[in-house]
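# Descriptive structure summary
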Amino acid sequence: MTETIAAASDRPDDAPEAGAANGAAVAAKLREAVLEKLAYSVGKDRNAASERDWFIAVALAARDRMVDNWMTTVRANYRESRRRVYYLSLEFLVGRLLFDSLTNLDLVEPMREALAGLDVDLDRLRDLEPDAALGNGGLGRLAACFMESMATLGIAAHGYGIRYDHGLFRQTIADGWQHEYPEDWLEFGNPWEFPRPEVHYEIGFGGSVESVARNEQTAQVWRPAEIVAAVAFDTPVVGWRGQHVNTLRLWSARAPDPLRLDKFNQGDYFGAQADQVRAESISKVLYPSDSTPAGQELRLRQEYFFASASLQDLMRRHLEQNGDINTLADKAAIQLNDTHPAIGVAELMRLLVDVHGVAWDRAWEITVATFSYTNHTLLPEALETWPAPLMERLLPRHMQIIYLINAKHLDALRAKGLDDPQKLAAVSLIDEHRGRHVRMGPLAFLGSHKVNGVSALHSELVKETVFRELHELFPDRICNKTNGVTFRRWLFEANPHLTRLLVETLGKEVLDDPSLLIKLEPYADDLNFQARWAAAKQANKENLARVIADRTMIKVNPAALFDVQIKRIHEYKRQLLNILDTIALYNEIRAQPMRDMAPRVKIFAGKAAASYQQAKLIIKLANDVARVVNNDPTVRDQLKVVFLPNYNVSLAEAIIPAADLSEQISTAGMEASGTGNMKMALNGALTIGTLDGANVEIKERVGDDNIFIFGLKADEVAKRRAQGIDMRDTIAAAPELREVLESIAEGAFSHDDRHRYQGLVDSITYHDYFLVAADFVAYRAAQAAVTRRWRDRKAWQRAAILNTARTAWFSSDRTIQEYAEDIWKVPTLRPRA
Ligand SMILES: *Cc1c(COP(=O)(O)O)cnc(C)c1O
């Protein structure tokens, strides 16, 4: 059941800028506002202003348009004493905000017009904005989509994270190899944020714990050896139609004292600033490499730093407003995005028990009722654990609390008659296997009233694998919330051609209610509509062809099939399988040069973790294959291979609307959900994929005829691995695969180093954990089916239209609506058209 809340009474009845009726007047006012910002905030004269100055002025003018509704939202939240949602995430992969803000304020066209009168081109300013890349990939992008949907649904929500000085590294490709460079998104300032130096908290590290007598009981007092200050920076997050504006609050680390003046005056300039450097390193970079103990410690410091600052902040807000910490769970729902903020469970217990004097059992009730936790992966290497000695040294009081939570948990199980030591070990917070470790997954599980997976398949696998024993003990705790993506960014902003066609066909109501997309179904066979559909896709492909030429010097034919695999480079995502298919196609062309092929462009983009050697080698192979194929005169225009460097949100926005084919080919059971799959299906790409993650649900919705499914299923993957993953027999039985692997192993793509890929070929041959060889033949057959469909252009377009028509369910508004109803128990507000 959907509870609805009344619109706040002091919310203006209609946003002043809404609608295009008074368009010219709105544009004139905006022009004035931009000029004022340019003069008084940027401090530049019109004639001396650079494009970047104009960008800052435009962003500030747009930000002003959010502020009134932001204040209104804040006042309404207080007045109505609404339950708030706190979304804790170590990553927010936001991307650019200029068009996001203008789109949601309905100001794109007025601003374009306003600037045209000043001889400034809005679309050029768009490209000047650096991406806010405070995340690695899907998990961080999900947090950004959720922030936008929570604002759209009028939920009183706050995002909490870290304001990294340097987000995800910038990737360059030199001689085919990935290189990483620091990214500097704050170099020219950040016009979207409000620094809040008055909002700061002390975060302790190290030191010792003392028992003291308090009210005839013993209390524990933590005396940290080191204090770091967390300072807030707020970014308003505006929802669709601008009515509701939430806050993304990011923490930056400071030393309590900027300088040791005594040391400085003795001439020890480095020593004088050592504390500051040490403190500020916490918010210096996203995801410090954890390949060294120092890197591991820094990562734990980041997690505790932001969890503690966020909890102190939300408890202060709660006490100011409600006066009684006992009602926290009634007024706050805290969502943990993966286990990265899971130390928050112990921190909330510490704050309740040690600082606010709440009795342990009551504090535990409050904690469990407040937290919920989203699991994002089943990969064993991604399940966080911390060495107990590190935790004891850095967070001695939290370690005590975790031991006590664990003891009470195991006692309760023994009291229920469970005494199998193996079962107890499986559900313990402490892993005693390879040196003592704290397991953050079980800590998040126990400290939460709900635990969710991110697709139907993934949530079932969570119950059967990582949390099998805990699920037996708490059978009502795990639920599913299939991911989604915000249509504002991934359809309206990224694909204006298609959006215009949708509005012309279905009416502008489709912008507010994506379920209306289903009314596209009757047009799927309409030749006139197909032609307009094809024209929109063609315009997007021509645009991408220009981007490709600009960045790689490769000329691609916009009439060819654009076959797209864009995502982090990881063995389980199997870019390698796609590269093998590319080589097989290449071999086919060379064997029969006169055969009429369906021309294809294979488009890859994605970053490899800096320390992930195998992934970096896969990037090199993609680039080596691209060089050979693109320079072979027999291939002509039949096949082109492109690796676009520095994949990020903005590049995704350029690629996705131009995709014909979406590659979602992970080893079944390994991709938790995927969201790239949803973005491309929504934009009318057909998916070639395994039954993994949300692909399963995409297939159910678009229909078996409009998707190309192949390969081993999750249960078959488990069986295949159990049989053994030596693939010599499989390869011997597949001549095409044998030829491909032999050519790689012989150095056909690496004349300068013929043995470069020997290890790679050996692992596919003898130890094919990701089942690349096992799925190759099925994948090739699915690709052949793709080619046949592509040749029948009407059939292809029909399927593409049906993909858009049937993927409304993958809106993150739907996902957030489910979280609001089933987990957070907060009301939502449907946006008003
Ligand atoms: C959507 C998105 C992702 C996630 O892609 P998957 O294919 O689901 O792994 C990663 N990075 C960026 C920049 C994205 O926009």
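If you're wondering where the values come from, they're calculated on a predicted model, not measured in any experiment.

## Digging into the overall build of the protein chain
- When helices and strands are counted, the protein chain shows 34 helices and 24 strands.
- Rg of the C-alpha trace for the protein chain: 27 Å, near the compact-globule value of 28 Å for 833 residues, within the 12% margin.
- Referenced to the eigenvectors of the C-alpha coordinate spread, the extents of the protein chain come out at roughly 90 × 70 × 65 Å.
- Within the span of the protein chain, comprising 833 residues, buried residues form 60% of the whole.

## Focus: the packing of aromatic side chains
- Per the stated rule, a full pass over the model turns up 21 aromatic pairs.
- Linked through ring pairs, Tyr-86, Tyr-160, Tyr-201 and Trp-251 together constitute an aromatic cluster.
- Above the face of the Phe-233 ring, Arg-163 is positioned so that its terminal group lies 3.8 Å from the ring centre.
- The residue whose ring lies beneath Lys-607 is Phe-169, and the NZ or CZ to ring-centre distance is 5.4 Å.

## Some words on the UniProt feature "modified residue: N6-(pyridoxal phosphate)lysine" (unreviewed entry) in the protein chain
- In this numbering, the UniProt entry assigns the feature "modified residue: N6-(pyridoxal phosphate)lysine" (unreviewed entry) to Lys-679.
- Mapped onto the elements, Lys-679 comes out in helix α26 (residues 676–682).
- Filtering out sequence-adjacent residues up to four positions away, Lys-679 remains in contact with Arg-141, Val-485, Trp-490 and Ile-656.

## Regarding helix α32 (residues 772–791)
- Taking 1.5 Å per residue, 20 residues should reach 28 Å; α32 reaches 27 Å between its end C-alpha atoms and fits that length.
- In the structure, α32 departs most strongly from a straight axis at Ala-778, where the bend amounts to approximately 30°.
- Looking at α32, one finds that the buried residues are Val-772, Ala-773, Asp-775, Phe-776, Tyr-779, Arg-780, Ala-782, Gln-783, Val-786 and Trp-790.

## Some remarks on the pattern of salt bridges
- Counted according to the given criterion, the structure contains 66 salt bridges.
- Where Glu-226 meets Arg-301, a salt bridge forms, and the shortest distance between an N and an O atom there is 2.7 Å. With Glu-226 in strand β10 (residues 226–238) and Arg-301 in helix α10 (residues 293–322), the pair connects residues that are 75 residues apart, well separated along the chain.
- Residue classification places Arg-301 among the buried positions, given a relative accessible area of 4%.

## Looking at the sheet that holds strand β20 (residues 600–605)
- Across the sheet, six strands lie side by side as β21-β20-β19-β22-β23-β24; this open sheet has parallel pairing. Every other strand in the sheet has two partners, leaving β21 (639–644) and β24 (708–709) as the edge strands with one partner each.
- Judged from the six bridges that link them, strand β19 (residues 561–566) and β20 form a sheet pairing that is parallel. Its bridge partner being in β20, Val-564 is matched across the sheet by Ile-603.

What counts and how
- Residues numbered from 1 in each chain as written.
- Predicted model: local features only at pLDDT ≥ 70, side-chain atom pairs only at ≥ 80, totals over all residues.
- Heavy atoms only, no water.
- Helix = DSSP H or I, 4+ residues; strand = E, 2+ residues; numbered from the N terminus.
- Rg over C-alpha atoms; globule rule 2.2 N^0.38 Å.
- Buried < 20%, exposed > 50% of the residue type's maximum accessible area, 1.4 Å probe, protein only.
- Phe/Tyr/Trp six-rings, centres within 6.5 Å; stacked < 30°, edge-to-face > 60°.
- Lys NZ or Arg CZ within 6 Å of the ring centre and 35° of its normal.
- UniProt positions renumbered as here; feature names shortened; annotations may be inferred.
- Contact = heavy atoms within 4.5 Å.
- Expected span 1.5 Å × (residues − 1).
- Bend = angle between axes of the 7 residues up to and from the residue.
- Salt bridge = Lys/Arg side-chain N within 4 Å of Asp/Glu carboxyl O.
- Pairing = 2+ DSSP bridges.

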